[in-house]
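The residues making up each chain are set out below.
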Amino acid sequence: MEDPIPTPAESLPETSEVAPPESQVPESDAVRIVVDDLHRMRELCGERRRNLKAIERQLDVKVASRGNTLWIQGPPAQQALAEALVFALIALSEAGCTLTREEVHRAASLYARGEKTDLKALFQDTILVTARRRAITPRSPNQKLYVDAIRSHDVVFGIGPAGTGKTYLAVAMAVAALNAGEVRRIILCRPAVEAGEKLGFLPGDLAEKVNPYLRPLYDALHDMLAPGKCGRLMEQGTIEIAPLAFMRGRTLDKAFIILDEAQNTTPEQMKMFLTRLGNGSRAVVTGDVTQVDLPGSQASGLKTVRRILGRVHEIPFVQLTHSDVLRHPLVQRIVEAYEQHSAEADAKRDRPRVRPVENGG
């Protein structure tokens, strides 16, 4: 849940928590910004200065507030970045976007990496408004690139680690296309491969057996559609969720098709899926090549397809990274740690071994 707009008492703490008055702040060391609208100033600060703290952490500066004035102090380069970010956030607020803690953290992360993107073009690119009146938008330049690729191409590959929004944004684009009448149905499928566990024979009929594998797709749909509407569309066949194996032999016209967890397809399954595309249809393939659960040394269809179709300009491959992770902030750090560990392990494995020289005698 988003933090509520703070009251004046929350956003303007006691004197001990803020910078000294302007007369005591050296003009040569600090940048002074005056915000005309006090309500906008409170939103910019956030509850208990959480937004300002996010800017401080990401950009390595100190931000002090009093009344409708901010002071930014730090190294000149970081100071300039923080000043540009504050003005960009003010413009975003003036355009009607609510400055939640997540929005400010994401914007500060972009500026910290030197990606001074147009925040309004990014955060106000509404893909879909959910049943709970929440707008779904891309939250990073790579996500924006991914969404724009889906808009302009019939087949798109989204590749990246967990939490980067690959599946969620693809489902949102599918629902938006259905609502706009661009397609007649949505088909969501995944390979039924267990993630490192052997679950044995599952009870129930066929639908109940495959349901655990397709649960993430159900979760995304129920987050975007009212429960009653989602159920009706599935009963009518407008939305179909099926294991990849059920796609063989079908030709799908006027459909939006999503293949999730594509790293667990074989090359033969990947070819079979891509050749199901009919007239007026679009396909999005998502996966994470670092989480292949195929048995033994079986090749991943997602790894091989890039070598095969990489030169087909009409099929973009969008690479998402740990910087696009939008789950709990710790998830991004976990992904980074695993990537670093994997790189170190690869470097150690590739290091040539030197045999010790034995002394003679």
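Residues numbered from 1 in each chain as written. Predicted model: local features only at pLDDT ≥ 70, side-chain atom pairs only at ≥ 80, totals over all residues. Heavy atoms only, no water.

## Remarks on the nonpolar core
Right, so step 1: Judged by nonpolar contacts, the single largest core of 36 residues is most densely connected at Ile-127, Leu-221 and Phe-256.
Right, so step 2: Going through the elements one at a time, helix H7 (141-152), helix H8 (166-179), strand E7 (185-190), helix H9 (206-224), helix H10 (227-236), strand E8 (239-243) and strand E9 (255-259) are the ones with two or more residues in this core.
Right, so step 3: With 10 residues, the top contributor of residues to this core is H8.
Right, so step 4: Apart from the residues within four sequence positions on either side, Phe-256 is in contact with Ile-150, Ala-170, Met-173, Ala-174, Ala-177, Val-183, Arg-185, Ile-186, Ile-187, Arg-282 and Val-284.
Right, so step 5: Formed by 31 residues, the second largest nonpolar core is a distinct cluster that contains Ile-72, Leu-81, Leu-85 and Tyr-111. (Core = buried A, V, L, I, M, F, W, Y, C linked by side-chain atoms within 4.5 Å. Buried < 20%, exposed > 50% of the residue type's maximum accessible area, 1.4 Å probe, protein only. Helix = DSSP H or I, 4+ residues; strand = E, 2+ residues; numbered from the N terminus. Contact = heavy atoms within 4.5 Å.)

## Considerations on the pattern of salt bridges
Right, so step 1: The final tally for this structure, using the stated rule, is 13 salt bridges.
Right, so step 2: Of the charged contacts, one joins Glu-56 and Arg-49 as a salt bridge, the two residues approaching to 3.9 Å between their closest N and O atoms.
Right, so step 3: You can call Arg-49 buried: its relative accessible area is 9%.
Right, so step 4: Between Lys-144 and Asp-125 there is a salt bridge, and its shortest N-O distance comes to 2.7 Å. Within this pair, whereas Lys-144 is found in helix H7, its partner Asp-125 is found in the loop between helix H6 (119-123) and strand E4 (128-129), the two being separated by 19 residues in sequence.
Right, so step 5: Residue Asp-125 is classed as buried on the basis of its relative accessible area of 12%.
Right, so step 6: Shared partners join several salt bridges into a network, and the residues in it are Asp-125, Lys-144, Asp-148 and Arg-151. (Salt bridge = Lys/Arg side-chain N within 4 Å of Asp/Glu carboxyl O.)

## Concerning the pairing of strand E6 (residues 155-159)
Right, so step 1: Judged by how many residues are buried, E6 sits mostly within the fold: 5 of 5 residues are covered.
Right, so step 2: Both faces of E6 are covered, namely the face carrying Val-155, Phe-157 and Ile-159 and the face carrying Val-156 and Gly-158.
Right, so step 3: In the sheet, E6 pairs with strand E11 (residues 317-319) via 3 bridges, with the strands oriented parallel. What sits directly across from Ile-159, in E11, is Gln-319. (Pairing = 2+ DSSP bridges.)

## Topic: the sheet that holds E11
Right, so step 1: One open sheet holds the 6 strands; their spatial order is E8-E7-E9-E10-E6-E11, and the pairing between them is parallel. Edge positions in the sheet fall to E8 and E11, since each of these pairs with one other strand and no more. Averaged over all adjacent pairs, the angle separating strand axes in this sheet is 15°, with direction ignored.
Right, so step 2: As defined by bridge partners, E9 adjoins strand E10 (residues 282-287) across 4 bridges and the pair is classed as parallel. For Ile-258, the partnering residue across the bridge sits in E10 and is Val-284.
Right, so step 3: Strands E6, E7, E9 and E10 of the sheet are contacted by H8, whose axis makes an angle of about 170° with E9. (Axes fitted to C-alpha atoms, helices over the stretch in contact; angles between N-to-C directions.)

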